[in-house]
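# Tertiary structure, described
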Amino acid sequence: MDKLLIRGGRALRGEVPISGAKNAALPELCAALLTAEPVTLHNVPRLQDVATMLQLVRNMGVTAERDGNGTVSLDAGDLTKPEAPYELVKTMRASVLALGPLLARFGHARVSLPGGCAIGSRPVDQHIKGLTAMGADISVEHGYMVARLQPGLSRLRGARITTDMVTVTGTENFLMAAALAEGETVLENAAQEPEIPDLAEMLIAMGAKIEGHGTSRIRIQGVERLRGGEHTVVADRIEAGTFLCAVAAAGGDVLLRHARADHLDAVIEKLREAGAAIEAVEGGIRVRASGRLRAQSFRTTEYPGFPTDMQAQFMALNVIAEGTSTVTETIFENRFMHVDEMLRLGARIQTDGKVAVIEGVPQLSGATVMATDLRASASLVIAGLVAEGETLVDRIYHLDRGYDRMEAKLRGIGADIERVSGAAA
């Protein structure tokens, strides 16, 4: 099993390219299931979750090819098996995104309950509730969601859907299903993350009629069929935010090429308050930092608030910042699992339920640590960049699910980091 070996204490300087967003690429790969015509996606990141999704759609009968430049070509014209089996999706919660498109186009689907990071409950009941309102009969049988159209219906029908909570994958599933439904669908309490309007723009290019994407109320007028199309995946705001925190913690001067500052307002505001210099420039974001920054308290919430996917990375900055900070996690109940590993590096953190209190220390000390989930992996890498001596991060398969060759990008801006095999470590 691969690990990352990091020798800390080096400032980061230069340029790093930000890849396409995982959380946009995965639903957009599923959107290709909505049409029998070819679909081309550009700027698709090289991630384990993307590879799993490609394997999943190929198992359905979809032709899916990718080149070495981030372009994926898909053709679901001969899709014969509208099913997402457990053995292919047990490591990836995004598998639920196949449910809406398959049901909308074929009238039936069988999708395994999803897996993914063990960071808390991610119920699919909101997906079932919304699709049921659109005319689906969905039962959970032997770990699978088995969906079919209600008797007398030839296709899904439009509906007004108000979810009990803001759900990104739920919004995406309803958006894709509604594109082929009969009549109008209105999504209330819709997620507003940048990946939602990016998916909507792809669907519009395929012939969908959508208004209000990027707001909490989206209107979709269903069409009988969608055509093929071409789309470029938006840059990954969480990867960009991770590198912003890495430079802020380690110090240096780095240009994040392709990054979108307007997608990271809450994170950038906190980093500026901490003492980092961040500016939107042509083609990306420039970040500069030196010395110990000031600790910042924050609370995670839905977009455009502070993202839960950036909580662990910012905590890595807080543990070596000057002062005491409080971090409140409101989205996932188990998202402090990185805390115990940071304590091994010398951090001072106390947790009580959803709240962590961090007392900044002047220096961390390298140690062997174990990643517990995707964003926890990234936080441990950041901590390793600033720790004295060597840090060995184990179980980095989590990292590979969501970061496109992170160690190579960090090495390119001056980090002393390498991937080693389990035997070598």
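Residues numbered from 1 in each chain as written. Predicted model: local features only at pLDDT ≥ 70, side-chain atom pairs only at ≥ 80, totals over all residues. Heavy atoms only, no water.

In terms of helices and strands, the protein carries 14 helices and 24 strands. Its C-alpha atoms give the protein a radius of gyration of 22 Å, near enough to 22 Å, the size a compact globule of 425 residues would have. Along the three orthogonal principal directions, the C-alpha set of the protein runs to about 70 × 45 × 40 Å. Of the contacts made within the protein by residues no fewer than 6 positions apart, 73% connect residues no fewer than 24 positions apart. As displayed, the protein offers around 16,100 Å² of accessible surface, 45% of which is attributable to carbon and sulfur atoms. Distance between charge centres in the protein, computed from 45 positive and 53 negative side chains, equals 1 Å. (Helix = DSSP H or I, 4+ residues; strand = E, 2+ residues; numbered from the N terminus. Rg over C-alpha atoms; globule rule 2.2 N^0.38 Å. Contact = heavy atoms within 4.5 Å. Areas by Shrake-Rupley, 256 points an atom, 1.4 Å probe, with all protein chains shown as cover. Lys, Arg positive; Asp, Glu negative; His and termini not counted. Charge placed at Lys NZ, Arg CZ, Asp CG, Glu CD.)

Confidence in the prediction for the protein averages 94 pLDDT; 97% of positions are at 70 or higher. Note on residues 116–121: pLDDT is under 50 here. Beyond four places in sequence and across chains, it has 21 contacts. (pLDDT = per-residue confidence, 0-100.)

Moving on, we come to helix 9 (residues 265–274). Every buried residue belonging to helix 9 is among Ala-266, Val-267, Ile-268, Leu-271 and Ala-274, and all of these are buried. Looking at the buried residues of helix 9, the elements they touch are helix 8 (237–250), strand 16 (277–281), strand 17 (284–289) and helix 10 (311–318). Immediately beyond the C-terminal end of helix 9, within one or two residues, lies Gly-275, with a positive phi of roughly 120°. (Buried < 20%, exposed > 50% of the residue type's maximum accessible area, 1.4 Å probe, protein only.)

Another aspect to go through is the pattern of salt bridges. According to the stated counting rule, one finds 28 salt bridges in the structure shown. Of the charged contacts in the structure, one is a salt bridge between Asp-2 and Arg-419, with a shortest N-O distance of 3.4 Å. Of this pair, Asp-2 sits in the segment before strand 1 (3–7) while Arg-419 is found in strand 24 (residues 416–420), placing the two residues 417 residues apart along the sequence. You can call Asp-2 partly exposed: its relative accessible area is 34%. Given a relative accessible area of 29%, Arg-419 falls into the partly exposed group. The network of salt bridges with common partners includes Arg-7, Arg-10, Glu-390, Asp-416 and Glu-418. (Salt bridge = Lys/Arg side-chain N within 4 Å of Asp/Glu carboxyl O.)

Turning our attention to the side chain of Lys-22. Tracing the sequence through the fold places Lys-22 in helix 1 (residues 22–31). When near neighbours in sequence (up to four residues on either side) are disregarded, Lys-22 contacts Pro-27, Pro-45, Leu-47, Asp-49, Asp-236, Leu-374, Arg-375, Arg-401 and Gly-402.

For the rest of this paragraph, the subject is the pairing of strand 20 (residues 348–352). Looking at chain direction, strand 20 and strand 21 (residues 355–359) are connected through five bridges and run antiparallel. Bridging across to strand 21, Arg-348 finds its partner in Glu-359. Connecting the antiparallel pair strand 20 and strand 21 is a turn made up of two residues, with Gly-353 showing a positive phi of about 65°. (Pairing = 2+ DSSP bridges.)

Counting 77 residues, the largest nonpolar core has Leu-74, Met-134, Leu-156, Leu-175, Leu-203 and Leu-226 as its most contacted members. Those residues within four positions of Leu-203 in sequence are excluded, and the remaining contacts are Ala-31, Leu-34, Leu-175, Met-176, Ala-208, Ile-210 and Leu-226. Of all hydrophobic cores here, the second largest spans 72 residues; its members include Val-267, Val-287, Met-310 and Leu-317. (Core = buried A, V, L, I, M, F, W, Y, C linked by side-chain atoms within 4.5 Å.)

The next point concerns the packing of aromatic side chains. Summed over the entire model, instances satisfying the criterion amount to three aromatic pairs. Considering the side-chain rings of Phe-298 and Phe-306, the 4.1 Å spacing of their centres and the 25° angle between planes classify their relative orientation as stacked. Pair check on accessibility: Phe-298 and Phe-306 agree, each one buried. Relative to Phe-314, the ring of Phe-306 has its centre 5.7 Å away and its plane inclined at 80°; by these criteria the two rings are edge-to-face. You can call Phe-306 buried: its relative accessible area is 5%. Three or more aromatic residues link up through ring pairs in this structure, and these residues are Phe-298, Phe-306 and Phe-314. The ring of Tyr-144 has Arg-110 lying over it, and the distance from NZ or CZ to the ring centre is 3.7 Å. (Phe/Tyr/Trp six-rings, centres within 6.5 Å; stacked < 30°, edge-to-face > 60°. Lys NZ or Arg CZ within 6 Å of the ring centre and 35° of its normal.)

Moving on, we get to the sheet that holds strand 2 (residues 12–17). The strand order 2-15-17-16 describes an open sheet built from four strands, whose pairing is mixed. Both edges of this open sheet fall to strand 2 and strand 16, since each of them pairs with a single strand only. Strand-to-strand twist in this sheet, taken as the mean axis angle between neighbours without regard to direction, amounts to 10°. Relative to strand 17, strand 16 runs antiparallel, the two being bridged by five bridges. By the bridge assignment, Ile-278 is partnered in strand 17 with Val-287. (Axes fitted to C-alpha atoms, helices over the stretch in contact; angles between N-to-C directions.)

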